[in-house]
Amino acid sequence: FLSEKESWIRKHLEKRPAVETVAPGANVPVEGVPREIVETATRVVKLHPHWIEVPHGADKTATRIRAFLKTLARDRLATASKGYADQLGRPFTKLTLRDTRSRWGSCTSDGNLMYSWRLVMAPPSVLDYVAAHEVCHLVEMNHSAAYWAHVARIFPSYERERQWLKDNGTMLHRYAV
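The shown structure was predicted, so the numbers you read here are calculated from the model rather than taken from an experiment.

Here we look at the packing of aromatic side chains
The final tally for this structure, using the stated rule, is five aromatic pairs. Considering the side-chain rings of Y84 and F155, the 6.2 Å spacing of their centres and the 70 degrees angle between planes classify their relative orientation as edge-to-face. With Y84 in helix α2 (residues 61-88) and F155 in the loop between α4 (145-154) and α5 (158-168), the pair connects residues that are 71 residues apart, well separated along the chain. Judged by its relative accessible area of 11%, Y84 falls in the buried class. On the basis of relative accessible area, F155 is assigned to the buried category, the value being 8%. Both rings, one in Y129 and one in Y158, keep their centres 6.4 Å apart while their planes meet at 20 degrees; by these two values the pair is stacked. A residue pair is termed long-range when its members are at least 10 positions apart, and Y129 in helix α3 (residues 124-136) and Y158 in helix α5 qualify at 29 residues. Of the residues examined, Y129 reaches a relative accessible area of 4% and is grouped as buried. With relative accessibility at 11%, the residue Y158 sits in the buried group. Members of the aromatic cluster, connected to one another through ring pairs, are Y84, Y129, Y147, W148, F155 and Y158.

Points about α2
Taking 1.5 Å per residue, 28 residues should reach 40 Å; α2 reaches 40 Å between its end C-alpha atoms and fits that length. Immediately beyond the C-terminal end of α2, within one or two residues, lies G89, with a positive phi of roughly 70 degrees.

Digging into the pairing of strand β5 (residues 51-55)
The buried fraction of β5 is high, at four of five residues. Relative to β5, strand β3 (residues 33-40) is paired through five bridges, and the arrangement is parallel. What sits directly across from I37, in β5, is I52. Across two bridges, the pairing between strand β4 (residues 46-47) and β5 is antiparallel. If you follow K46 over to β5, its bridge partner there is E53. The antiparallel hairpin formed by β4 and β5 contains three residues in its connecting segment.

Things to note about the nonpolar core
Among the nonpolar cores identified, the biggest contains 48 residues, and L77 and Y115 are the most heavily contacted of them. At eleven residues, the largest contribution of residues to this core is made by α2. Once residues lying within four places of it in the same chain are set aside, the contact partners of L77 are L95, L97, Y115, S116, L119, L127 and A131.

A short note on the layout of surface pockets
Approximately 460 Å³ is the volume attributed to the largest pocket. Contributing to the lining of the largest pocket are 15 residues, with R101, W104, G169, T170 and H173 lying nearest its centre. Put simply, the parts of the chain that give the lining of the largest pocket at least two residues each are α1 (6-15) and α5. Its residues assigned to classes, the lining of the largest pocket comprises four nonpolar, five polar and six charged.

Scoring rules and cut-offs
Residues numbered from 1 in each chain as written. Predicted model: local features only at pLDDT ≥ 70, side-chain atom pairs only at ≥ 80, totals over all residues. Heavy atoms only, no water. Phe/Tyr/Trp six-rings, centres within 6.5 Å; stacked < 30°, edge-to-face > 60°. Helix = DSSP H or I, 4+ residues; strand = E, 2+ residues; numbered from the N terminus. Buried < 20%, exposed > 50% of the residue type's maximum accessible area, 1.4 Å probe, protein only. Expected span 1.5 Å × (residues − 1). Pairing = 2+ DSSP bridges. Core = buried A, V, L, I, M, F, W, Y, C linked by side-chain atoms within 4.5 Å. Contact = heavy atoms within 4.5 Å. 1 Å grid on protein atoms, 1.4 Å probe; cavity = no way out; pocket = protein on both sides within 12 Å on 5 of 7 lines; lining within 4 Å. Points joined across faces, edges and corners; volume = space filled by probe spheres on them. Nonpolar A, V, L, I, M, F, W, Y, C, P; charged D, E, K, R; others polar.

Here it is in structure tokens:
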């Protein structure tokens, strides 16, 4: 099987972005903006317009950045999901975060929403689109024309953000956190 699919596998492996170590001096995107990781005497991770301040201790930088990004993602996704759910008049049950590679979000029939925490690295409109997309599954558990009409109603520019994920989504997985 591997011999038969070797050229396809090699082609896809070549497309994978190089892994970037999250450490002091490196850049990581937050809300679509590359931010340099800077060690300081702070006790907590702090987000600034062009950098992320982290406590000294390079051995824990990636862990601290990941925890910070997950908290930020939860806040942003909870706010967006609630806003879109309110527009549709359909509350969700629970919100969870994971580090998935194959999907940016999902919605179960009992109203549980799951998102990739890495969405917080994308531009805010992309995170908002994924929240709108998943919340619309509270109304339609499919991708029918009726479903896409709900998405278009609550997030009219969805096609642009959807394309951004297709073009750039794999880049969000290159950061080793």
